[in-house]
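Residue-level structure breakdown
Residues per chain, in single letters:
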Amino acid sequence: MSKIQEALKRIQSSGTAEAEPTSVASSMASLNDTTTLRRMDPNELPDDLRCMDFRYNGKTVVVDGDQLETSGFLVSGAKQPKLADECRFIKRPILANAIGDKVTKPERSNLIMVASALPGEGKTFTCINLALSIAREKDWSVVLVDADCARQHVSNLFAAESEKGLLDLIRNPELDPNDLIMPSNIQSLSILPSGRRDELAVELLASDTMSNLAARWAEEDPRRLFVFDSSPLLLTPEPAVLSAQVGQVVLVVHAGHTSHVDIQTAASKLEPGVAVNAILNQVEYGDSSDKGGYYDYYGRSQVVNDED
């Protein structure tokens, strides 16, 4: 049995035994496509809340933290302790991989793609909360990249759908990435939108220009993570291509919903050798609400390699 099959067997056997998620967990563990955060003028912020990363020259993203939190995202650990703790469990092995702390460090390990097999599994919700949680670390910074070239969930959420972004950088190598990355008022978090849509998005993501861009990001600052929100693996070819450009993949699986075949097929599309961290989303534990949660974690630091 391959490492993929072993990891997926653990995921599926755990998921099928779970009860259906409650309506609260279901609504909180996925992104409402109609949600758009109110963009604020930087002058609205007091000086002590201006947390911009001045290495970047893109338009400033100033979001209303209360609205972000109301939309279900992790802003204050004090207000959302369960979600904060679950994100801590998720990010620790990812950070360990990124820094090579007591593990074999994957190449480009500070570039992380968040993917799912199918739409509606909570991928973008997980991706944004993972980025927000990592941004709270004292020693790390995060660039949240919208690599869902068709749907552009992240760009739409942060009202940046009309801004230049990832696809523009690949189309025009003369552009400076730092001129398009958008600093935010959330400490250590910046945004790179998807950019202008392109029917050749797959070819752009597979190009040498993208590979050179990924290599640059991987080498410039090992304590800066690029977290890519991708499209579903069974929906479009873009994420399979993008997995060749990153060092880690977070595979989000909807508990009790995604079939074993779909999970296995999705994982088989990932680049061989990439470190895969599998997250079971919308988990409920038995009949005790105290044990319920959005996520569980499997396949820690699992490396996809079909030859094993």
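See the structure printed just above.
Now for a quick tour of the structure. (Residues numbered from 1 in each chain as written. Predicted model: local features only at pLDDT ≥ 70, side-chain atom pairs only at ≥ 80, totals over all residues. Heavy atoms only, no water.)

1. A word on helix H4 (residues 81-99)
- Here H4 is 19 residues long and its end C-alpha atoms lie 26 Å apart, about the 27 Å a rise of 1.5 Å per residue gives.
- The axis of H4 is deflected most strongly, by about 30°, at lysine 91, and proline proline 93 appears within four residues downstream.
- One or two positions beyond H4, positive phi appears at glycine 100, with a value near 75°. (Helix = DSSP H or I, 4+ residues; strand = E, 2+ residues; numbered from the N terminus. Expected span 1.5 Å × (residues − 1). Bend = angle between axes of the 7 residues up to and from the residue.)

2. Observations concerning the pairing of strand S7 (residues 275-281)
- Counting buried positions along S7 yields seven of seven residues, so the element is predominantly enclosed.
- Every second residue of S7 is oriented toward a common face, with Ala275, Asn277, Ile279 and Asn281 on one face and Val276, Ala278 and Leu280 on the other, all of them buried.
- Pairing of strand S6 (residues 248-254) with S7 involves seven bridges; the strand directions are parallel. Looking across to S7, one finds that glutamine 248 is bridged to alanine 275.
- A crossover connection joins S6 to the parallel S7 through helix H12 (residues 260-268); in handedness this β-α-β unit is right-handed. (Buried < 20%, exposed > 50% of the residue type's maximum accessible area, 1.4 Å probe, protein only. Pairing = 2+ DSSP bridges. Right-handed = clockwise from strand over helix to strand, strands pointing away.)

3. A look at the environment of isoleucine 170
- Within the fold, isoleucine 170 resides in helix H7 (residues 166-171).
- Linking isoleucine 170 and alanine 201, residues 31 residues apart in sequence, is a C-alpha distance of 9.5 Å.
- Setting aside residues no more than four positions away along its own chain, isoleucine 170 makes contact with Leu204, Leu205, Ser207, Thr209 and Met210. (Contact = heavy atoms within 4.5 Å.)

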